[in-house]
Amino acid sequence: MNRNVDVERKHVETKNDKSKVFATFIKYASYLIMFFGFLWFLVNYIFPLFQ
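Residues numbered from 1 in each chain as written. Predicted model: local features only at pLDDT ≥ 70, side-chain atom pairs only at ≥ 80, totals over all residues. Heavy atoms only, no water.

When you go through the protein chain residue by residue, the secondary structure sums to one helix and zero strands. Relative to the 2.2 N^0.38 estimate, which gives 10 Å for 51 residues, the radius of gyration of the protein chain is 27 Å and therefore markedly larger than a compact globule would have. A principal-axis box enclosing the C-alpha atoms of the protein chain has dimensions of 90 × 25 × 5 Å. Residues classed as buried in the protein chain amount to 0% of the 51 residues present. Looking at the protein chain as shown, the accessible area adds up to about 5,900 Å², and 63% of this sits on carbon and sulfur atoms. (Helix = DSSP H or I, 4+ residues; strand = E, 2+ residues; numbered from the N terminus. Rg over C-alpha atoms; globule rule 2.2 N^0.38 Å. Buried < 20%, exposed > 50% of the residue type's maximum accessible area, 1.4 Å probe, protein only. Areas by Shrake-Rupley, 256 points an atom, 1.4 Å probe, with all protein chains shown as cover.)

The structure is reproduced here in structure tokens:
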């Protein structure tokens, strides 16, 4: 018996670079802090000027 079977091999590499993940987390956390700081500034200083 001559069997011609194509075998497909899949090699998956997972790239886990903890420093890149942590740097991205810090970046987006700082964006959120700046956004909420800006909202706090608007609510406390700008909005009372219109009353």
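The next subject is the packing of aromatic side chains. A ring pair, where both rings are aromatic, is described by two values, the distance of the centres and the angle of the planes. Per the stated rule, a full pass over the model turns up five aromatic pairs. Their ring planes at 65° and their centres at 5.5 Å tell us that phenylalanine 35 and phenylalanine 36 sit as a pair that is edge-to-face. We classify phenylalanine 35 as partly exposed; its relative accessible area is 46%. Taking 5.9 Å as the distance between ring centres and 80° as the angle between the ring planes, the aromatic pair formed by tryptophan 40 and tyrosine 45 counts as edge-to-face. Grouping aromatic residues by their ring pairs yields a cluster made of Trp40, Phe41 and Tyr45. (Phe/Tyr/Trp six-rings, centres within 6.5 Å; stacked < 30°, edge-to-face > 60°.)

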